[in-house]
Amino acid sequence: MRNQLNWRLGVCLGWLAAGWIGAHADISYNRKGSLVPGPDDGRIAYVTAQLLAQKHYRQMAFDDAVSSNFFHNYLTTLDPQHLHFLQTDVDGFRPFETTLDDLTQERNAGPGFDIFERFFQRLEQRAEYVRELLKSGPFQFEDTKPILLNRRDAAFPATLDEARALWRDRLRYEYLEEKLALLEERKQAEAKRKPAKQNAPNKETMPEAPLKPPGPMTVDEEVRDKLDRRYARNLKYFAEWDSDDVIQLYLTTLGHVYDPHTDYMGRAALDQFAINMNLSLFGIGAQLRAVDGYCTIDRLLPGGPAEKSKKLKEKERIVAVAQADGEPVDVVDMSLNKVVQLIRGAKGTEVQLTVIAPEGEPASERRVVSLIRDEIPLEEQAAKARLIAIPGDDGQTNRIGVIDLPTFYAPMDIVARKEAAQTRHSTSEDVARLIQKLKAEGIEGLVLDLRRNGGGSLEEAIRLTGLFIKEGPVVQVRDFSGEIGVDKDMDASVLYDGPMVVLTSRGSASASEIVAGALQDYGRALVVGDISTHGKGTVQSLNQLAPLFRFLHTQEDPGALKVTIRKFYRANGESTQLRGVSPHIVLPSVANVLEDVGEAGLENPLNWDTIPSASFEAVNRVQPHLSELRRLSEARVSLSKDFDYIREDMERIRETQDRKTVLLNEAERARELQEARDRDQARKAEQAARSHNGRLIYEITLKNADLPGLPAPLKPAAAASATDSQPFPDDSLAEVKLDEDEESGLQIDPTLDETEQILLDYIPLLEKANVLTAVKQDS
């Protein structure tokens with residue numbers, strides 16, 4: 001679902017947030033002149049524009065109006081906070097405003113490169129100016145006048161002097177935030193040392209070294225060094241762009257004039273799209289992270305070539321990559337995306353990695369590790385389950401199951417690979433295996449957790465719905481001509497017919513909304529969660545461009561256009577577009593008050609509408625009990641300490657969103673941060689003091705689902721913040737790195753806890769209504 005631009009533009013361009021890849025504070029870089037369109041880019045742009053006009057749901061000609069939107073959106077995509085382009089730049093490019101359609105028709109993609117080059121020029125000027133400011137010494141923060149925090153709707157700076165004033169304000173903001181964070185880090189490091197100093201100085205009681213020793217630099221020196229490196233890395237990142245990067249950005253911006261889910265994808269983006277759908281890739285089986293310019297091994301995936309070889313270890317750094325007998329390519333300071341492309345490759349081929357010791361360890365000689373690429377299943381994104389045993393008031397144990405489904409994955413073959421077809425994961429088959437296991441262990445009810453599910457395969461969404469209903473329509477689709485089609489579950493069998501709750505969030509999108517909407521329409525499941533789901537109710541098709549070219553000047557794949565061709569409608573005729581699916585029971589959530597979350601916060605979304613309802617037979621298991629379930633839930637939520645915390649955070653976020661400015665006053669910001677830390681510590685202390693009331697939680701994965709019995713129960717983890725942190729679509733993907741592993745164990749999740757209680761309320765209501773459920777079994 002996260003289909004926004006594949007470059008990490010948002011925070012970097014606006015705020016230059018921490019974490020951008022690169023290393024040295026040296027601001028130099030090797031850039032071979034100005035970028036110009038590749039030999040096929042003009043024709044790629046022409047074909048893409050033709051496909052958009054012919055195939056997109058809007059049926060919108062690429063005319064002067066589209067050209068104008070394209071022009072302004074491209075400027076905003078490059079400079080979302082209106083910090084870099086000057087008004088004179090915009091005025092100079094103004095002739096493109098109503099001629100991009102004509103130029104594209106003439107196979108001319110030059111404007112995209114001209115505008116990018118001007119952007120890069122301003123980025124260079126900003127980096128140089130920031131370096132001068134950082135050299136001048138520490139800033140003072142006693143301001144009484146706030147600065148504008150969000151400039152998206154502000155005018156472009158009129159002159160370079162005005163732009164420099166904005167750059168200085170942003171640098172001071174970043175400086176203050178980093179300074180306060182570093183002061184707190186050093187304070188905590190000192191606190192770790194103090195208790196140990198009071199003990200006898202023997203080996204067993206010697207103080208542990210801080211996680212990150214302060215070193216010889218003062219706080220201000222360390223902040224200046226960090227910001228200097230950040231700006232240098234950011235500039236180097238864009239200096240490494242090539243014509244493929246620019247044309248992808250340019251044509252994806254054109255696609256977003258039509259709707260936010262229409263994207264042009266080059267070869268690398270196509271590869272990643274296939275990986276996401278297949279839950280597998282061909283490589284060495286390592287999660288990589290960029291740390292100070294080094295490609296660092298973050299984790300070795302179980303069963304992958306890297307882990308099996310026993311030749312690599314986590315935190316080692318890759319400094320060069322070679323293909324079989326080819327020459328090694330230096331990858332220090334190379335963008336992580338490009339390093340990944342060098343390491344990935346066809347199954348059975350050889351890749352050679354030159355590695356050095358982890359940072360902080362004694363230096364060692366470089367060594368070359370040879371690995372044979374293989375298929376790497378991405379198990380962490382596959383379906384998984386938990387069986388939860390909850391002691392009841394009657395002395396018996398209630399067993400419920402929770403299915404966690406992050407995406408709808410399916411076998412897919414979209415990239416011109418030479419490998420033979422492999423056995424892939426399938427969402428419906430995997431979930432069926434987990435449900436069979438849960439049923440065998442005697443669950444009385446089931447929660448389907450779709451909070452992190454951004455969509456995926458429509459076919460798998462239909463098959464999954466069919467596990468819970470008899471045959472019937474699951475989703476309707478309408479194309480631009482008005483023709484309506486109905487996608488049905490054709491299998492009359494039902495795998496699970498017991499009490500069921502679907503848990504959703506603002507991040508539940510596309511295919512997950514189809515499942516939630518269908519089970520709600522049939523009255524088959526109670527839907528609980530945020531105020532609504534994301535609201536992506538559109539269908540995209542992937543159009544390979546290569547077949548449309550008689551010849552190419554290069555041997556490179558010209559990519560593909562993912563274009564919106566239809567809209568989704570529920571069985572009852574309501575579109576899931578824009579409005580999403582509203583749950584039966586809404587729980588307090590920070591996401592409920594966030595601005596620009598969901599489809600409505602994206603550019604040019606299609607509208608919400610309705611079509612006639614399909615013919616289907618509802619089972620009506622929810623509506624008769626809904627008022628009682630709401631009453632019981634509201635009573636619990638009103639008394640819940642965790643939901644009190646969430647409500648407090650919701651109010652603070654409302655206030656923050658209403659406040660569009662920030663005051664650069666060190667004393668005031670330090671006070672606010674200390675209040676936040678005190679609040680967080682008090683919450684964690686209160687949560688840690690709670691008992692788990694005898695609840696036992698067993699994790700069931702695809703690896704152990706077929707084994708007899710249950711694994712050992714999970715152990716409680718350190719208390720986490722009660723604020724719900726379920727992700728929702730992020731249109732400013734700010735960092736090129738893989739996510740941190742989630743901490744194993746039991747985390748506090750008030751939304752899931754309340755959903756389980758709602759299910760326990762629901763089970764006896766259905767029993768009284770003579771709806772059969774699974775047999776209750778003591779643990």
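That block above? That's the structure.
Residues numbered from 1 in each chain as written. Predicted model: local features only at pLDDT ≥ 70, side-chain atom pairs only at ≥ 80, totals over all residues. Heavy atoms only, no water.

Quick look at the overall build of the protein chain
- Of regular secondary structure, the protein chain possesses 19 helices and 22 strands.
- Across the 779 residues in the protein chain, those meeting the buried criterion constitute 53%.
- Taking the contacts inside the protein chain whose residues are at least 6 apart along the sequence as the reference set, 80% of them involve residues at least 24 apart.
- Carbon together with sulfur atoms contributes 50% to the accessible area of the protein chain, which is approximately 35,200 Å² in total. (Helix = DSSP H or I, 4+ residues; strand = E, 2+ residues; numbered from the N terminus. Buried < 20%, exposed > 50% of the residue type's maximum accessible area, 1.4 Å probe, protein only. Contact = heavy atoms within 4.5 Å. Areas by Shrake-Rupley, 256 points an atom, 1.4 Å probe, with all protein chains shown as cover.)

A few points about helix H14 (residues 458-466)
- For H14, the buried fraction is high: seven of the nine residues fall into the buried class.
- Along H14, the positions that sit buried rather than exposed are Leu-458, Glu-460, Ala-461, Ile-462, Leu-464, Thr-465 and Gly-466.
- Those residues of H14 that are buried are in contact with helix H13 (427-440), strand E13 (445-449), strand E14 (472-479), strand E15 (484-489), helix H15 (511-521) and strand E19 (560-570).

Side note on unusual backbone geometry
- In this structure, Lys-315 is a non-glycine residue whose phi angle is positive, near 80 degrees.
- As for its position among the elements, Lys-315 is in the loop between helix H11 (305-309) and strand E6 (317-323).

Considerations on the packing of aromatic side chains
- Going through the model one piece at a time under the given rule, you end up with 17 aromatic pairs.
- Judged by centre distance (6.1 Å) and plane angle (15 degrees), the ring pair of Phe-93 and Phe-96 falls under stacked.
- For Phe-93, a relative accessible area of 8% corresponds to the buried category.
- Judged by its relative accessible area of 17%, Phe-96 falls in the buried class.
- Ring geometry for Phe-119 versus Phe-238: centroids 5.5 Å apart, planes at 80 degrees, classification edge-to-face. Placement of the pair is Phe-119 in helix H6 (residues 110-135) and Phe-238 in helix H8 (residues 219-239), with a sequence separation of 119 residues.
- A residue is classified by how much of its surface remains accessible, and Phe-119, at 0% relative accessible area, is buried.
- Through successive ring pairs, a cluster of aromatic residues spans Phe-85, Phe-116, Phe-119, Phe-156, Tyr-237, Phe-238 and Trp-241.
- One cation-aromatic arrangement involves Arg-317 over Tyr-294; the distance from NZ or CZ to the ring centre is 4.6 Å.
- Across from the ring centre of Trp-608, 3.6 Å away, lies the NZ or CZ of Arg-579, which sits over that ring. (Phe/Tyr/Trp six-rings, centres within 6.5 Å; stacked < 30°, edge-to-face > 60°. Lys NZ or Arg CZ within 6 Å of the ring centre and 35° of its normal.)

Let's talk about the nonpolar core
- In this structure, Ile-115 and Phe-116 are the most contacted members of the largest nonpolar core, which totals 49 residues.
- Ranked by residues supplied to this core, first place goes to helix H9 (residues 243-258) with eight residues.
- Within the second largest apolar cluster, 46 residues are counted, among which are Phe-408, Ile-435, Ala-511 and Phe-568. (Core = buried A, V, L, I, M, F, W, Y, C linked by side-chain atoms within 4.5 Å.)

Quick word on a negative patch on the surface
- Where like charges cluster on the molecular surface, the negative patch consists of Asp-63, Asp-64, Asp-102 and Glu-106.
- Structurally, Asp-102 is set in helix H5 (residues 100-105). (Patch = residues over 30% accessible without salt bridge, like charges linked within 9 Å, V, L, I, M, F, W, Y side chains within 5 Å. Salt bridge = Lys/Arg side-chain N within 4 Å of Asp/Glu carboxyl O. Lys, Arg positive; Asp, Glu negative; His and termini not counted. Charge placed at Lys NZ, Arg CZ, Asp CG, Glu CD.)

Comments concerning the environment of Glu-686
- Note that Glu-686 resides in helix H18 (residues 666-688).
- In sequence terms Glu-686 and Asp-642 are 44 residues apart; their C-alpha atoms lie 10.0 Å from each other.
- If we ignore the near neighbours within four places in the chain, the residues touching Glu-686 are Lys-641 and Tyr-645.

Topic: the environment of Asp-169
- Within the secondary structure layout, Asp-169 lies in helix H7 (residues 160-197).
- Owing to a relative accessible area of 24%, Asp-169 belongs among the partly exposed residues under this scheme.
- Residues Asp-169 and Leu-149 lie 20 residues apart in sequence; the distance between their C-alpha atoms is 9.8 Å.
- Ignoring sequence-local partners within four residues, the contact set of Asp-169 consists of Ile-147 and Leu-664.

Digging into the pattern of salt bridges
- All chains considered together, the criterion is met by 53 salt bridges.
- One salt bridge in this structure joins Lys-338 and Asp-245, with 3.8 Å as the shortest N-O distance. With Lys-338 in helix H12 (residues 336-343) and Asp-245 in helix H9, this pair connects stretches of sequence that are 93 residues apart.
- The salt bridge partner of Glu-672 is Arg-669, with a shortest N-O separation of 2.8 Å. With Glu-672 and Arg-669 both in helix H18 and three residues apart, the pair spans about one turn of that helix.
- Owing to a relative accessible area of 14%, Arg-669 belongs among the buried residues under this scheme.
- One salt-bridge network, held together by shared partners, links Glu-648, Asp-649, Arg-652 and Arg-683.

Topic: the pairing of E6
- Extensive coverage of E6 is indicated by the burial of six of its seven residues.
- Bridge count between strand E5 (residues 294-300) and E6: two bridges; the pairing is antiparallel. In the strand pairing of E6, Cys-295 is matched with Ile-318.
- Bridge count between E6 and strand E8 (residues 350-356): six bridges; the pairing is antiparallel. By the bridge assignment for E8, Val-321 is matched with Leu-353.
- Two strands pair when backbone bridges link them, and E6 and strand E7 (residues 329-330) are joined in this way by two bridges, in the antiparallel orientation. In the sheet register, Ala-320 faces E7, and the bridge partner there is Asp-330.
- Taking the residues between adjacent antiparallel strands as the criterion, E6 and E7 are bridged by five residues, where Ala-324 takes a positive phi near 50 degrees. (Pairing = 2+ DSSP bridges.)

Side note on the packing of helix H2 (residues 41-55) against H9
- Taken N-terminus to C-terminus, the directions of H2 and H9 make an angle of 15 degrees; their axes are 11 Å apart at the nearest point. Taken together, the axes of H2 and H9 lie roughly parallel to each other. Judged by the twist between their axes, the crossing of H2 over H9 is right-handed. Listed contacts from H9 to Asp-41, Ile-44, Ala-45, Thr-48, Ala-49, Leu-52 and Ala-53 of H2 are Ser-243, Ile-247, Leu-251, Leu-254, Gly-255 and Tyr-258.
- When its residues are assigned to classes, the contact of H2 with H9 shows nine nonpolar, three polar and one charged. (Axes fitted to C-alpha atoms, helices over the stretch in contact; angles between N-to-C directions. Parallel < 35°, antiparallel > 145°, perpendicular 65-115°, else oblique. Left-handed = near helix turned anticlockwise from the far one by under 90°. Nonpolar A, V, L, I, M, F, W, Y, C, P; charged D, E, K, R; others polar.)

What to know about the sheet that holds strand E17 (residues 526-529)
- Strand order across the open sheet formed by seven strands is E20-E17-E16-E13-E12-E11-E22, with mixed pairing between neighbours. Bordering the open sheet on either side are strand E20 (585-586) and strand E22 (696-700), each of which pairs with just one other strand.

Things to note about the side chain of His-82
- Note that His-82 resides in the loop between helix H3 (64-78) and helix H4 (87-93).
- Discounting residues that sit within four places of it in the chain, His-82 has contacts with Thr-76, Arg-151, Arg-152, Ala-154, Ala-155, Phe-156, Pro-157 and Leu-166.

A look at the environment of Glu-651
- Considering the arrangement of structural elements, one finds Glu-651 in helix H17 (residues 641-658).
- Along the primary structure Glu-651 and Val-590 are separated by 61 residues, whereas in three dimensions their C-alpha atoms are 8.8 Å apart.

Some points on the packing of helix H16 (residues 626-639) against H17
- Axis separation between H16 and H17 bottoms out at 5 Å; the angle between their running directions is 75 degrees. With respect to their mutual orientation, H16 and H17 come out roughly perpendicular. Here Val-637, Ser-638 and Leu-639 of H16 lie close against H17, whose contacting residues are Lys-641, Phe-643, Asp-644 and Arg-647.
- By residue class, the composition of the contact of H16 with H17 is three nonpolar, one polar and three charged.

Remember, this is a structural readout, not a statement about activity or role.
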